[in-house]
Amino acid sequence: MIIRILRFIFLPAIINLALAQEFIPSWFQQLPEMPDARLAVGYSGKYVNDNQARSDALELARKNMTKQISIRLAFDLEELSDGRLRLLNPSFKEYISGGILQTVTANSVVIDSALTEDGYFILLAYPASEYRLILDAGDKTWGARPDWIENLPNEKGFVFGVGMVARYRSWIRAWYDADEYARFDLGKNLQIKAESVHATQRDNRTTIESVILKQTYDLTLKDVTIVARWFDIENNAYYSLSRAPRQ
């Protein structure tokens, strides 16, 4: 179960340890829409000191908000295939603005937070103002597999991307990587440069044809938001959905 914490006021409650891993705040699974504000989520693991957990979750929420405002993504994938084996050499690099991070830190506010048996969750709003609380945000289970995992949403004016990782020991790292891959997948769906090189190697008895496929992009994206997440409990797989206006 979830302990709700509003504006950092700690309210003690009894946690159902058997079900703790199945419960999350609703806004972690599905980010709500709020007029005139950006929303971003931060999270941290289990700590003896709840203040440290809150601090780490808040720091991540601010970084996620900064990435939402503007982020530069550099992606490079080299794939070698010769009919016998397939080698992949991916490279993911991201760059965020320190100036934007400072602005977010100075002008954002926590509008809701939740403490579970597994960790601490924070919902951050930017710019700082008085916002209504998210109603019925607690005691959310993951539910059924969402359609967007197999079929990206078809919303006019928007582009989407999905990130997935599986069998991580740390759920914190798993969600971090799933979010990152969702952003990179979105960039790929916006723009990518692809080229292939074919090579033939012959000897007295065999001919081996090799193909080198390169995919690259370097984009600065704005308004990239992680709008949904889903955890496949049975397969220990983590999914994140990103969305941005089509540029």
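## Quick notes on the sheet that holds strand β10 (residues 225–232)
Pairing within the open sheet is antiparallel, and its three strands lie in the order β7-β11-β10. In the strand order of this sheet, the two ends are held by β7 (158–166) and β10, each with one partner. Neighbour-to-neighbour, the strand axes of the sheet open up by a mean angle of 15°, direction not taken into account. In terms of strand pairing, β10 meets strand β11 (residues 237–245) through seven bridges, oriented antiparallel. Directly across from T225, in β11, lies its bridge partner R243.

## Concerning the nonpolar core
In this structure, F28, Y43, W148, W175 and Y238 are the most contacted members of the largest nonpolar core, which totals 33 residues. Elements supplying a minimum of two residues to this core: α1 (26–29), β2 (38–44), β5 (109–115), β6 (120–126), β7, α4 (171–190), β10 and β11. Dropping the residues within four chain positions of it, Y43 is found in contact with F28, D56, A57, L60, Y120, F121, W171, I172, W175, Y176, D179 and R229. A57, I69, Y120 and Y126 belong to the second largest nonpolar core, which has 14 residues in total.

## Some points on the packing of aromatic side chains
Enumeration over the complete set of coordinates arrives at 15 aromatic pairs. Measuring from ring centre to ring centre gives 5.0 Å for W175 and Y238, while their planes differ by 90°; the resulting arrangement is edge-to-face. With W175 in helix α4 and Y238 in strand β11, this pair connects stretches of sequence that are 63 residues apart. As far as burial versus exposure is concerned, W175 and Y238 are alike and both buried. Aromatic ring contacts, followed pair by pair, group F28, Y43, F121, W142, W171, W175, F231 and Y238 into a single cluster. When the ring centre of Y95 is taken as origin, the NZ or CZ atom of R72, which lies over that ring, is 4.5 Å away.

## Notes on the pattern of salt bridges
This structure, assessed with the given rule, holds twelve salt bridges. Its salt-bridge partner being R173, residue D177 comes within 3.2 Å of it at the nearest N-O pair. Within this pair, D177 and its partner R173 are both found in helix α4, separated by four residues, close to a single helical turn. Using a relative accessible area of 46% as the deciding quantity, one classes R173 as partly exposed. The closest approach of N and O atoms between R183 and E180, which form a salt bridge, is 2.3 Å.

## As for the packing of helix α2 (residues 50–69) against α4
Relative placement of two packed helices is described by the angle separating their axes and the distance separating the axes. For the pair α2 and α4, interaxial distance at closest approach is 13 Å and the crossing angle is 5°. Between α2 and α4, the crossing angle belongs to the class labelled roughly parallel. Contacts between α2 and α4 involve L60, N64 and K67 on the former and, on the latter, Y176, E180 and R183. For the contact of α2 with α4, a count of residues per class yields two nonpolar, one polar and three charged.

## Quick look at the packing of α2 against helix α3 (residues 98–106)
Where α2 meets α3, the axes come as close as 9 Å, and the angle between the chain directions of the two elements is 125°. By the angle class used here, α2 and α3 are oblique. Read as a crossing pair, α2 and α3 show a hand that is right-handed. Where α2 approaches α3, its residues R62, K63, M65, T66 and I69 are matched on the opposing element by I100, L101, V104 and T105. Grouping the amino acids of the contact of α2 with α3 by side-chain chemistry returns five nonpolar, two polar and two charged.

Criteria and thresholds
Residues numbered from 1 in each chain as written. Predicted model: local features only at pLDDT ≥ 70, side-chain atom pairs only at ≥ 80, totals over all residues. Heavy atoms only, no water. Pairing = 2+ DSSP bridges. Helix = DSSP H or I, 4+ residues; strand = E, 2+ residues; numbered from the N terminus. Axes fitted to C-alpha atoms, helices over the stretch in contact; angles between N-to-C directions. Core = buried A, V, L, I, M, F, W, Y, C linked by side-chain atoms within 4.5 Å. Buried < 20%, exposed > 50% of the residue type's maximum accessible area, 1.4 Å probe, protein only. Contact = heavy atoms within 4.5 Å. Phe/Tyr/Trp six-rings, centres within 6.5 Å; stacked < 30°, edge-to-face > 60°. Lys NZ or Arg CZ within 6 Å of the ring centre and 35° of its normal. Salt bridge = Lys/Arg side-chain N within 4 Å of Asp/Glu carboxyl O. Parallel < 35°, antiparallel > 145°, perpendicular 65-115°, else oblique. Nonpolar A, V, L, I, M, F, W, Y, C, P; charged D, E, K, R; others polar. Left-handed = near helix turned anticlockwise from the far one by under 90°.

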